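So the chains spell out like this:
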Amino acid sequence: MAILKIALMGHPVLRRTAQPVPNPAAPEHRELIDDMRQTMVDATGVGLAAPQVFAGRRIIMFCAPASRAGTGSKTETEIPETVLINPEIEPFSDEVALGWEGCLSLPRLRGLVPRWRHIGYRGYSPDGTLIECEAFGFLARVIQHELDHLNGILYLDRIIDSRLITYEEEMADFRHEDYIGLASIE
Ligand code: NI
């Protein structure tokens, strides 16, 4: 296993559409997935998409520790690390929520991003099993963020007002209401 270099915003790999994986159970993906796992843990990320490590395949992984998984839903619990190959999502309602996001490809930045609050998602695990689930709140946000990476989209593209972008170190004593006040929704 290896810790991989993470592409930063500006590298074209982050703007390309990743290619579907013909056979999710093929062993040729195992090394990439193991390396992505080690890279995500090393960077203390909650999600990672293959294009972020220069691999143009439709593979994402995510996890939601208990401390964050409950955000936005009373039914949500800790989500163990999940790998999704060829993932798809659909909104289960029109409800949209604003929430803070960061990205390993945009170090130190945070932004308030609108996302669907409740989604269904599906994809294949590395052993070829079809996974079909629904997600709320924080987990739904992470999955939407990672799926965007497969389509060349970064969270900054979805921010409705550039005043909703900040550096992490400036968030130390930020007032959430101040930012929400800048946004015309919520
Ligand atoms: Ni990201």
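Overview of the structure. (Residues numbered from 1 in each chain as written. Predicted model: local features only at pLDDT ≥ 70, side-chain atom pairs only at ≥ 80, totals over all residues. Heavy atoms only, no water.)

### Considering the coordination of the nickel ion
Put simply, the test is: For Na, K and Ca the donor cutoff is 3.2 Å, while for all other metals N, O and S atoms count as donors only within 2.8 Å; water does not appear among the atoms, so some sites may look incomplete. Where helices and strands are cited, they refer to DSSP runs of H or I of at least four residues and of E of at least two residues respectively, numbered from the N terminus. Exposure categories follow from relative accessible area, calculated using a 1.4 Å probe and restricted to protein chains: below 20% of the type maximum is buried, above 50% is exposed, and the middle band is partly exposed.
Binding of the nickel ion to the protein goes through C103 (SG), H145 (NE2) and H149 (NE2), at separations of 2.1 to 2.2 Å. Counting the intervening residues between successive donors of the nickel ion yields the motif C-x41-H-x3-H. Within this pair, H145 and its partner H149 are both found in helix 3 (residues 137-150), separated by 4 residues, close to a single helical turn. Its relative accessible area of 1% is what places H149 among the buried residues.

### Re helix 3
Cut-off, in case you're wondering: Between the first and last residue of a helix there are one fewer steps than residues, each counted as 1.5 Å, and that sum is the expected span.
For helix 3, with 14 residues, the first-to-last C-alpha span of 21 Å sits near the 20 Å given by 1.5 Å per residue. Counting buried residues along helix 3, 14 of its 14 residues qualify, which places the element largely inside the surrounding structure. G152 occupies a position one or two residues after helix 3 and carries a positive phi of about 75 degrees.

### Some details on the side chain of D148
The test is simple: Between two residues, a contact is recorded if the distance between any of their heavy atoms is within 4.5 Å.
As for its position among the elements, D148 is in helix 3. By relative accessible area, which is 7% here, D148 ends up buried. Setting aside anything within four residues of it in sequence, one finds D148 in contact with R115, I153 and R158.

### What about helix 1 (residues 30-42)?
Which entries qualify depends on this criterion: As used here, the arc is the angular range of directions from the helix axis to the C-beta atoms.
When the terminal C-alpha atoms of helix 1 are compared, their 18 Å separation across 13 residues agrees well with the 18 Å that a helix rising 1.5 Å per residue should span. If you check which residues of helix 1 are buried, you get L32, I33, D35, M36, T39 and M40. Across the axial projection of helix 1, the buried residues extend over an arc of 165 degrees, all falling on one side. Projecting away from the buried face of helix 1 at angles above 90 degrees are the exposed residues E31, V41 and D42. Next to the buried residues of helix 1 lie strand 1 (47-49), strand 2 (59-64) and strand 3 (79-91). Phi turns positive one or two residues past the end of helix 1, at T44, with a value near 50 degrees.

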